[in-house]
Amino acid sequence: MSRVGRGSRGFVSGTDGEEKPGRKADRRTRVTVLVALTANLVIAVAKAVGGFFAGSPALLSEAAHSVADSMNEIFLLAALRRSRRPADRKHPFGYGKERFFWSLLAAVGIFVMGGCFSFFQGVEALRNGADESLSGYVAGLIVLGIALLAEGGSLLRALHQVRGQGGLAAGMRDPALRTVVAEDGTAVLGVSLAMAGMGLHMVTGQVVWEACASLAIGALLVYVAYRLGREARDQLIGEAADPEASGRIRALLRAQPEIDSVEALFTMKTGLDSALVAARVDLVPGLDSERVEEVAVRIKRSIARTVPEARQVFLDVTDRPAREAAESPAATGERGGA
């Protein structure tokens, strides 16, 4: 048989185990998104009608906020459905990143439809004022009170799911659930700002209070959109697996008696609960080709058991000097690496 020793080069790749889709978690998330969508659609209509008749810039800003949230929840429903499609020839690593793409669109929607319109309403109120009657104040405050209850209920539902999925750190890994929590939390703050602005306008007769409330709502939405967009971008362009998971994989590889050194380890999230693992290793001298194959299969199965999200595992037996590989930006995790 052929021999494979130190410095020889080979490539072994494979995928161990079937994908665990997490359908149960997705069903809970879908219910949470549907609850938020229903609440936002009803609230958006009420805010728009109330804001039009009351002539309230703060209420119209909140209406735009609810419309943006409704559109975003439609994006999130699309993400939940499309991201679970099985891998095919055109997308051999699956469609898991669709979840990140639609979450990025949701962030853009919050920025454009919510934040920009709120800024516009605030500036217009400062320039032209607002003629609001007592009945307008009352109607607007009633609408906002109902909205606060509905948004608060939706937020409690989302937080309950986050707690059920392992707490804040684990639950917020899901971009769909993270977006719903951010939207509902922002909505509660936005409604509170709008109510404060309308109340101060009613007491003082100065429209500047409602204008400031609209500008504050706009700033809040832009900040939330930026944070959500940045997180979706990082995941979409190829974020590494969690450092703890990478550490377990590296320790497992180093513990194998057939591996002389681990020269580089690369990981990339390919979905919410799936990741690609590629390792460049140097084997001990004297292994024949059949033994190398057995070792590779055993190692890949061990990695899959240790880190369940490692759906694709690739092992590269290389003659590259260990020092050169260890000092590369990609291997060390430095910013700007491949």
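Here, the structure is the one placed above.
Residue indices follow the written sequence of each chain, beginning from 1 at its first position. Only residues with pLDDT of at least 70 are given local features in this predicted model, and only at 80 or more are side-chain atom pairs given and counted; all residues enter the totals for whole chains, interfaces and linings. To get the side-chain values, all heavy atoms of the structure are used, and hydrogens and water are removed first.

### Digging into the overall build of the protein chain
Argument step 1. Numbering of helices and strands runs from the N terminus; a helix is a DSSP stretch of H or I covering at least four residues, while a strand is a stretch of E covering at least two. Scanning the protein chain from N- to C-terminus turns up eleven helices and six strands.
Argument step 2. Each residue gets one of three labels from its accessible area relative to the maximum for its type: buried under 20%, exposed over 50%, partly exposed in between, using a 1.4 Å probe on protein chains only. Counting only residues that meet the buried cut, the protein chain has 46% of its 338 residues in that class.
Argument step 3. Every residue pair with non-hydrogen atoms within 4.5 Å of one another is taken to be in contact. Taking the intrachain contacts of the protein chain between residues at least 6 apart in sequence as the baseline, contacts between residues at least 24 apart amount to 78%.
Argument step 4. Of the roughly 16300 Å² of accessible surface on the protein chain, a fraction of 63% belongs to carbon and sulfur atoms. Working definition of accessibility: Shrake-Rupley area with a 1.4 Å probe, residue cover restricted to the visible protein chains.

### Quick look at the packing of helix H2 (residues 57-82) against helix H3 (residues 98-128)
Pairs of packed helices are described in terms of their axes, by the angle between the two and the distance that separates them.
Argument step 1. Between N-to-C directions, angles cover 0 to 180 degrees, with each direction set by a line fitted to C-alpha atoms, over the stretch in contact for helices. Axis separation between H2 and H3 bottoms out at 8 Å; the angle between their running directions is 175 degrees. One element, H2, and the other, H3, form an angle in the roughly antiparallel class.
Argument step 2. Just so you know the grouping, Ala, Val, Leu, Ile, Met, Phe, Trp, Tyr, Cys and Pro go in nonpolar, Asp, Glu, Lys and Arg go in charged, and all remaining residues, Gly too, go in polar. Classifying every residue of the contact of H2 with H3 by side-chain character gives 18 nonpolar, eight polar and four charged. Throughout, the term roughly parallel applies to angles under 35 degrees, roughly antiparallel to angles over 145, roughly perpendicular to angles from 65 to 115, and oblique to all others.

### So, helix H7 (residues 208-236)
Argument step 1. One fewer than the residue count of a helix, multiplied by 1.5 Å, yields its expected span. End to end, H7 covers 41 Å across 29 residues, agreeing with the expected 42 Å (1.5 Å per residue, within 8%).
Argument step 2. In the segment just after H7, Gly238 is the residue with positive phi, at about 115 degrees.

### Comments concerning the environment of Thr32
Argument step 1. If you trace the backbone, Thr32 turns up in helix H1 (residues 23-54).
Argument step 2. Other than its neighbours up to four places away in sequence, Thr32 contacts Arg157, Ala158, Gln161, Leu177 and Val180.

### Details of the pairing of strand S3 (residues 259-271)
Argument step 1. Sheet topology places S3 next to strand S4 (residues 274-283); ten bridges connect them, and they run antiparallel. Bridging across to S4, Lys269 finds its partner in Ala275.
Argument step 2. For two strands to be treated as a pair, DSSP must find no fewer than two bridges joining them. Where S3 folds back onto S4 in an antiparallel hairpin, the turn is made up of two residues.

### Digging into the nonpolar core
Argument step 1. Of all hydrophobic cores here, the largest spans 22 residues; its most connected members are Ile249, Leu253, Ile259, Leu283, Ile299, Ile303 and Leu315.
Argument step 2. Counting only elements with at least two residues in this core, the list comes to helix H8 (243-254), S3, S4, helix H9 (289-306) and strand S6 (310-317).
Argument step 3. It is H9 that provides the largest number of residues to this core, a total of five residues. In these notes, a set of buried Ala, Val, Leu, Ile, Met, Phe, Trp, Tyr and Cys residues joined through side-chain atoms within 4.5 Å is what counts as a nonpolar core.

### Some words on the pattern of salt bridges
Argument step 1. Take a side-chain nitrogen of Lys or Arg and a carboxyl oxygen of Asp or Glu: if they are within 4 Å of each other, that pair is a salt bridge. Applying the stated criterion to the full structure yields twelve salt bridges.
Argument step 2. One salt bridge in this structure joins Glu239 and Lys269, with 3.7 Å as the shortest N-O distance. Of this pair, Glu239 sits in the loop between H7 and H8 while Lys269 is found in strand S3, placing the two residues 30 residues apart along the sequence.
Argument step 3. A relative accessible area of 14% places Lys269 in the buried class.
Argument step 4. The residue Asp316 makes a salt bridge to Arg280 at a minimum N-O spacing of 3.8 Å. With Asp316 in strand S6 and Arg280 in strand S4, the pair connects residues that are 36 residues apart, well separated along the chain. Accessibility assignment for this pair places Asp316 and Arg280 in one class, buried.
Argument step 5. Within the structure, one salt-bridge network assembled from shared partners comprises Glu258, Arg291, Glu294 and Arg298.

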